[in-house]
Amino acid sequence: MNQPAEDALWPRASAWLQPADENPNHCYDLGLIGIPAHLTSISPTDAHTTPAAIRGALARYSTYSWSTETDVSVLSFADFGDVLEPDSLDGEARTSSLAAAASARAGLLIGLGGDNSATFAMARGVFAQQGQPVLGSSKAPTAGLITLDAHHDLRDGVSNGSPVRRLIDEAKLDGRNIVQIGIADFSNSAAYAKRANELGIYVIPRSALRDRTPADVMAEAVSIAGSEGGPIHLDFDVDVCDRSVVPACPAAAPGGISADEFRQFAFEAGRYAQIRSVDLTEIDASKDSADGRTVRLAALAILELAAGRLAL
C-alpha cells in the first residue's frame, strides 16, 4: 500500500504517537500497548500482526477533528511497546504487568490486540493498578467492564471466547458491573445467554441499537458498569461491526453496527474519565482487504477516543 505524500501543514497521527520514556514519574494523557495474542484463538488467526498494522494505519490520518474543532495532538500520547509472547500464563503475567505499569502513567490506556484473549490480562493488570482486589481477597470489587462485541465471551477454558468469564472467576469482577453492547442474534448459544443472565450481566443487544444513539447507550453502560465508583475497562471487539466494513474480523456477521457507529461509540467512550483502559481486538490484519479498511477503522477509533477525551 503506497504511503501518502508528506505535507508540513498536514501532520500525521503516526508522528503524534511517541515512544514512552523511561522516567516512571512522567505521565501521559494517553498510552498505547500492543498485545499480539493469537495462539489460543478458537479459529486460526494471525492477529499477532495487527498491533503493528494499526500503528502503521495512523499515518493515513491527521490529528484534527473537524466536527469538534480540536486537534488531539495537544494530548500527550506514548507508546509503551508490545508484550513479548502473550499466549501463556507467563505471557498473561507479562501483559498484566505492562498494562499496570503503563496505566499508572496514562490517563487512558489503549491496548491493541491480538485476539480477544488479550482483554483478560490487560483488564486484570489495570484493575490491580487501580487498587482492585485480587483472587482470595475479602475486599469487594468496584471495577466494571463494558464490551462492544457480538459475543458473550463466557466460554470455559482459555481462549478468545473466555475473557469475560475469566475476569469474573479469576479477577473477582462482579457480573452486575458488566454491560455487553451489540450481542448479536445467531452468534451465541442459549447456554451462554443463560450464563450471562445468571451472572447478572446487563445486555444491550444489537437489535436495541437500531433505535438508540451511541451517546445514550454509552451513558447507560457507564452508569451501570461504573455504579460502584471503580475503574472501567472497555473491550472493543471489532467483530461487533458489519462484516462488510471489517473483513479482517473472522467472526463478524452481516448486520453488525456500521463503521460510523463504531467511531461514535469510541468518541463517546473517550468522554468518560472513569473508563481507564480500552482494548481493540479480534482483527487479523493479514486477512484485511486491499484497502486496509479494518485496521484503518481501528486507527480511527484511537483518534475518536482521543477527541472524546478532549471533550471531558
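Before reading further, recall that the structure is shown in the block above.
Nothing here was measured: the structure is a model prediction, and the numbers come from that model. Residue numbering note: each chain is counted from 1, following its sequence as written. Given that the model is predicted, a residue must reach a pLDDT of at least 70 before its local features are reported, and side-chain atom pairs must reach 80 or more before they are shown or counted; all residues, however, enter totals for whole chains, interfaces and linings. Side-chain numbers come from the whole structure's heavy atoms, not from hydrogens or water.

Caption draft 1: Structural context of the packing of helix 3 (residues 89-103) against helix 4 (residues 118-129). To get an axis, fit a line to the C-alpha atoms, keeping to the stretch in contact for a helix; angles then go from 0 to 180 degrees between the N-to-C directions. Comment: elements are numbered from the N terminus, with helices defined as DSSP H or I runs of at least four residues and strands as E runs of at least two. Orientation of helix 3 relative to helix 4, taken along the N-to-C sense of each, is 45 degrees, at an axis distance of 7 Å. Judged by the angle between their axes, helix 3 and helix 4 are oblique. Between helix 3 and helix 4 the crossing geometry is right-handed. Contacts between helix 3 and helix 4 involve Glu 92, Ala 93, Thr 95, Ser 96, Ala 99, Ala 100 and Ser 103 from the first element and Phe 120, Ala 121, Met 122, Arg 124, Gly 125, Val 126 and Gln 129 from the second. Each residue is assigned to one of three groups, with Ala, Val, Leu, Ile, Met, Phe, Trp, Tyr, Cys and Pro labelled nonpolar, Asp, Glu, Lys and Arg labelled charged, and all others, Gly among them, labelled polar. In terms of residue class, the contact of helix 3 with helix 4 is built from seven nonpolar, five polar and two charged. Each angle receives one of four descriptions, namely roughly parallel if under 35 degrees, roughly antiparallel if over 145, roughly perpendicular if within 65 to 115, and oblique otherwise. When the near helix sits turned anticlockwise from the far one by under a right angle, the crossing is termed left-handed; a clockwise turn instead gives a right-handed crossing. Every residue pair with non-hydrogen atoms within 4.5 Å of one another is taken to be in contact.

Caption draft 2: Main features of the environment of Ile 110. Summarising the element assignment, Ile 110 is placed in strand 6 (residues 106-113). Summary of the burial criterion: residues with accessible area below 20% of their type's maximum are buried, those above 50% are exposed, and those between are partly exposed, where the area comes from a 1.4 Å probe applied to protein chains only. Ile 110 gets classed as buried once you look at its relative accessible area, which sits at 0%. The contact partners of Ile 110, leaving out residues within four places of it in the chain, are Gly 31, Leu 32, Ile 33, Met 122, Val 278, Leu 280, Ile 302 and Leu 305.

Caption draft 3: Highlighting the packing of helix 2 (residues 50-57) against helix 9 (residues 293-310). For the pair helix 2 and helix 9, interaxial distance at closest approach is 8 Å and the crossing angle is 65 degrees. The orientation of helix 2 relative to helix 9 falls into the category roughly perpendicular. Here helix 2 runs over helix 9; the crossing is right-handed. Across the interface between the two elements, Ala 53, Ile 54 and Ala 57 of helix 2 pack against Val 295, Arg 296, Ala 298, Ala 299 and Ile 302 of helix 9. Of the residues assigned to the contact of helix 2 with helix 9, the class counts are seven nonpolar, no polar and one charged.

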